[in-house]
Amino acid sequence: MRILPALVVALLAVSVTAPGRAAPDFLTPARADAPTEIVVLEAPGCIYCTIFRRDVLPAYQTSPRAAEVPIRFVDLNDEKAGSLGLTQPVDTVPTFVILRNNEELGRIPGYVGPETFFHGINYILSRN
């Protein structure tokens, strides 16, 4: 199985530095200078959302991709989630939605682990 070199380096950096869990940012608006973003739709008490934040988020935040495609978190129960430009309902949390100018390019439903997450994000972005 082939692993992207940047992912390996990012995972090694995370395992060495062991950063703390990222603080929730449910209300963070999209960055005006970033037309493409990943929105993580999650719900309070979601164990897989917590696992994503612990096991995948630090690697993503230190990757080169994070600079060009920032990630933010939205509570699925928040009424603001309805204004995200989604093409279909969300029935699994976490769901990772890639938006460009508030239009959905693709999504990854559910926690899929670090390798599949990175491959999925790269695939969706390469198609658009």
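A. Inspection of the pattern of salt bridges at higher detail. Under the defined criterion, the tally for this structure stands at five salt bridges. Residue arginine 72 is joined to glutamate 37 by a salt bridge in which the shortest nitrogen-to-oxygen separation is 2.7 Å. Of the two residues, arginine 72 sits in strand S2 (residues 71–75) while glutamate 37 sits in strand S1 (residues 36–42), which places them 35 residues apart along the sequence. With respect to burial, arginine 72 and glutamate 37 carry one shared label: buried.

B. Molecular detail of helix H2 (residues 47–55). What H2 keeps buried is the set Cys49, Ile51, Phe52 and Arg53. Those residues of H2 that are buried lie in contact with S1, helix H3 (57–61), S2, strand S3 (95–100) and helix H5 (114–127).

C. Quick peek at the pairing of S3. Among the six residues that make up S3, five are buried, leaving the element largely enclosed by the rest of the structure. As judged from the six bridges shared by S1 and S3, these two strands associate in the antiparallel manner. Bridging across to S3, glutamate 37 finds its partner in leucine 99. Relative to strand S4 (residues 103–109), S3 runs antiparallel, the two sharing six bridges. Residue leucine 99 lies in a different strand from S4, and its bridge partner there is glutamate 104. Adjacent in sequence and paired antiparallel, S3 and S4 are bridged by two residues, among which asparagine 101 carries a positive phi angle near 50°.

D. Region of the structure containing the sheet that holds S4. Taking strand neighbours across the sheet as the criterion, the four strands line up as S2-S1-S3-S4 in an open arrangement whose pairing is mixed. For this open sheet the edge positions go to S2 and S4, each flanked by a neighbour on one side alone. Averaged over neighbouring strand pairs, the angle between their axes works out to 25° when direction is ignored. Looking at chain direction, S1 and S2 are connected through five bridges and run parallel. When the bridges of S2 are listed, glutamate 42 appears paired with aspartate 75. Sheet strands in contact with H5 are S1, S3 and S4, and its direction is about 155° off that of S4.

E. Local environment of the environment of glycine 85. Mapping glycine 85 onto the fold places it in the loop between S2 and S3. Between the C-alpha atoms of glycine 85 and asparagine 102, which are 17 residues apart in sequence, the distance is 5.4 Å. If we skip the residues at most four places from it in the chain, glycine 85 touches Leu99, Asn102, Glu103 and Glu104.

F. Structural context of the environment of serine 63. Note on placement: serine 63 falls in the loop between H3 and helix H4 (64–68). Among the residues examined, serine 63 registers a relative accessible area of 10% and is labelled buried. Side-chain polar atoms of serine 63 contact the backbone oxygen of tyrosine 60, separated by 2.7 Å.

Conventions used here
Residues numbered from 1 in each chain as written. Predicted model: local features only at pLDDT ≥ 70, side-chain atom pairs only at ≥ 80, totals over all residues. Heavy atoms only, no water. Salt bridge = Lys/Arg side-chain N within 4 Å of Asp/Glu carboxyl O. Helix = DSSP H or I, 4+ residues; strand = E, 2+ residues; numbered from the N terminus. Buried < 20%, exposed > 50% of the residue type's maximum accessible area, 1.4 Å probe, protein only. Contact = heavy atoms within 4.5 Å. Pairing = 2+ DSSP bridges. Axes fitted to C-alpha atoms, helices over the stretch in contact; angles between N-to-C directions. Polar contact = N/O pair within 3.5 Å; in protein donor to acceptor, adjacent residues only side chain to side chain.

Take it as geometry only, folks, not as evidence of what the structure does.
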